[in-house]
Each structure stands twice: as C-alpha cells, then as structure tokens.
Amino acid sequence: MSLFKLSPYSLIDKKGKEPIVAITSYDYITAKLAEEAGIDFILIGDSSAMVVLGEEDTYSIGMEEMLIFCKAVSKGAPNTLRIGDMPFLSYQVSKEQAIYNAGRFIKEGRCHGVKIEGGEEVAEIILAIIKAGIPVLGHIGLTPQRSLELGGLKVRGKTIESAQKLLKDAQILESLGVFGIVIECVPAELAKIVTEKIKIPTIGIGAGSYTDGQILVFHDVVGLYLEMRPKFVKTYVNGFEIFKNALKNYVYECKNKKFPTEKESFKISKEILTQLLKYS
Ligand code: KIV
C-alpha cells in the first residue's frame, strides 16, 4: 500500500489543534482534485448512488459499484487518506459478512478504513470489524440508510430523546474504538456538546461550526448536483452552468464548422497525398 499523508487514527491527533477537512469523491479526476487541494481525507460515499448514478436515495448501491469507485479514487489520490462507505446490506446481515465486505474495501478498493452508519444498533458489527484490524469511521445523526425507518432526510436531535440518543451513540462508538464520527444534520449546539464530550474527532455535515471537521459532497461543493440543495451546503462554483456553457459552445462550433480547425487536425505529407489522389 502506498504512503499516505494521514493514517485513520492519526486523525485523532488533530482534534483541538486544527480543523479537519474532508470531501467525498468517486472517481479518478475528482480524487486528484481533492488531493491537490489539500483535503485531509476522502470519503468514497454511498452518496455516489445519487450524484453519480442518478438514484433517488442511497439504498440501491452495492459493493461492486462502491469498489469500482474506490479503485478509481485510490489511483487519483494515492497519498490521501481514503475511507470507503459501506453500502446498505453490506454489514447488517452478519458479522462475518460485515468483516468480509469491510475487508474488500481495504483489499480491492485500496481504502484505509470504512464508514458505517448507526450507533448502538450496529455496535457489535463495528466492534467485529475493528477487531479484524479495519479502522472504522462512525456516522450518526441523519443516517440516509435508515431514512425509511426515520421518516425521511430530516434534521435529527431536535427532541430530548433523540438528542440524548445522539450523545449516547457517540460515546458508545468512541468506546468501541472508531477513529472519528461523522455527525450529519443535527443542531449546532448539540454537535458542540457531543464534540466536547468525546476524545475522537467529530466530522460535521449540516452540524454547524463546532465540530472538529467538516465534510461535504463533492458535487454540492462545485455546483454539479442541483436536484437537492440542503440548507447546510455551500456551493463554491457554479459547475453545472460552467460545464453546460462549455458543451453548448462545443455544439455550436461543430454545427457551424468552426471546430475542428487546422490546429486540431493531423497532417499528411504532400507526396503521400499526391499518390493517394492518383490511385483513388
Ligand atoms: O455518502 C456520503 O456522501 C456520506 C456523507 C454525506 C457523510 O455519507
């Protein structure tokens, strides 16, 4: 395995010292962009189901698709910490299957760890994976793989029961030995309390500014996925418009015989051309 900037557990050393910045990536080029931009770690997220494959949610994506994305990201960002997102049904069926699938992210996807959605309810599975020597990143709050059970993609932790569950889940995950926890879509003050109560880093998405780090979906950051625009997303460039205009220019130039020009064409020698014309 190639050298990488950060190991999963060395992320813990950053807590309280410097903010951790993460982003999702699913392919060679965006991984290269992330590495060159100085991202601390890349999550090969199951959000690929939506932003790459055009699905409505993340339920349908499986191991084989995820591994293709992981392999591409590993080639594009060989020196960056890479975490593979375990898709729905890849870890819930049995501990054996969970360890096997987590191992595939390391062995085939060339990732350095896996992310698993859920708290107490998946504790035994997470422990089994960690015991197999595979670093795990937790994920609590809004967990899209449980959106059917939880009634949609809504902010979590707004009632005392769900706020207490979030805190308890974070503490359970910490005691299991995860190297960090993604906290998605919870009130900022709640994320602050959780962040202060545990010694491992919290990585927020829609969880305000008090977490130890931030993560966003690549396509949201560069304005390429317009189907859903959650309040917590900041779009840094209008990628969809920029690419669309470039493609419109391409269509225009082809239709109007402005592309290709001589500059983009190959030449043949005059002698060969003369011979060719003579015999044709
Ligand atoms: O799949 C994903 O992109 C994620 C992030 C939103 C944390 O799980």
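Computed from a predicted model, the values in this text were never measured in an experiment.

The next thing to look at is unusual backbone geometry. Omega for the peptide link from Phe259 to Pro260 comes to -5°, which places this bond in the cis form. Summarising the element assignment, Pro260 is placed in the loop between helix H10 (239-255) and helix H11 (270-279). One non-glycine residue with positive phi stands out, namely Leu89, at about 75°. Tracing the sequence through the fold places Leu89 in the loop between strand E3 (81-85) and helix H4 (95-107). Given a relative accessible area of 49%, Leu89 falls into the partly exposed group. Although it is not a glycine, Arg110 adopts a positive phi angle of roughly 60°.

What follows covers the nonpolar core. Counting 72 residues, the largest nonpolar core has Phe41, Phe105, Ile126, Ile129 and Ile181 as the members making the most contacts within it. Excluding its chain neighbours within four sequence positions, the residues that come into contact with Phe105 are Met63, Met66, Leu67, Cys70, Gly84, Asp85, Met86, Pro87, Arg110, Cys111 and Val114.

What follows is about the packing of aromatic side chains. We describe a pair of aromatic rings using the distance from one ring centre to the other and the angle between the two ring planes. Summed over the entire model, instances satisfying the criterion amount to four aromatic pairs. Each ring, one from Tyr26 and one from Phe69, has its centre 6.4 Å from the other, and the planes form 70°; the classification is edge-to-face. Placement of the pair is Tyr26 in the loop between strand E1 (20-24) and helix H1 (28-37) and Phe69 in helix H3 (residues 63-76), with a sequence separation of 43 residues. For the pair shown, Tyr26 and Phe69 are each scored as buried. Both rings, one in Tyr250 and one in Phe259, keep their centres 6.1 Å apart while their planes meet at 70°; by these two values the pair is edge-to-face. Its relative accessible area of 47% is what places Tyr250 among the partly exposed residues. Seen from the ring of Tyr210, Lys192 lies directly overhead, with NZ or CZ sitting 5.4 Å from the centre.

What follows deals with a nonpolar patch on the surface. Together, Ile268, Ile272, Leu273, Leu276 and Leu277 make up a nonpolar patch on the protein surface, roughly 470 Å² of accessible area in all. Take Leu273: it is sitting in helix H11.

Taken as a whole and judged by the stated rule, the model has 15 salt bridges. Notably, a salt bridge pairs Glu149 with Arg146, separated by 2.7 Å at the nearest N-O pair. Lys192 is paired through a salt bridge with Glu196; the nearest N and O atoms lie 3.2 Å apart. With Lys192 and Glu196 both in helix H8 (residues 188-197) and four residues apart, this pair spans about one turn of that helix. Residues joined by salt bridges that share partners form a network here, namely Glu121, Arg146, Glu149, Lys165 and Asp169.

Conventions we followed
Residue indices begin from 1 for each chain and proceed along its sequence in written order. Reporting in this predicted model follows two pLDDT cut-offs: at least 70 for local features of residues, and 80 or more for side-chain atom pairs to be given and counted; totals over whole chains, interfaces and linings ignore these cut-offs and use all residues. Side-chain metrics in this entry use all non-hydrogen atoms of the structure; hydrogen atoms and water are not considered. Per the convention used, a helix needs a DSSP run of H or I reaching at least four residues, while a strand needs a run of E reaching at least two, with both numbered from the N terminus. Each residue is assigned to one of three classes by its accessible area relative to the maximum for its type, calculated with a 1.4 Å probe on protein chains only: buried under 20%, partly exposed between the two thresholds, exposed over 50%. Throughout, nonpolar core names a set of buried Ala, Val, Leu, Ile, Met, Phe, Trp, Tyr and Cys residues whose side chains join them through atoms within 4.5 Å. Here a residue-residue contact requires only that any non-hydrogen atoms of the pair lie within 4.5 Å. What counts as a ring pair is set by centres within 6.5 Å for rings of Phe, Tyr and Trp (its six-membered ring), and what kind of pair is set by the plane angle: stacked under 30 degrees, edge-to-face over 60, tilted for all other angles. Only lysine NZ and arginine CZ atoms are considered, and such an atom sits over a ring when it is within 6 Å of the ring centre and within 35 degrees of the ring normal. Only residues above 30% relative accessible area that lack a salt bridge enter a patch, with like-charged residues linked at up to 9 Å and the nonpolar side chains Val, Leu, Ile, Met, Phe, Trp and Tyr linked at up to 5 Å. Using a 1.4 Å probe, the Shrake-Rupley method yields the accessible areas, and only the shown protein chains count as cover for residues. Note on definitions: salt bridges are taken to be side-chain nitrogens of Lys or Arg within 4 Å of carboxyl oxygens of Asp or Glu.

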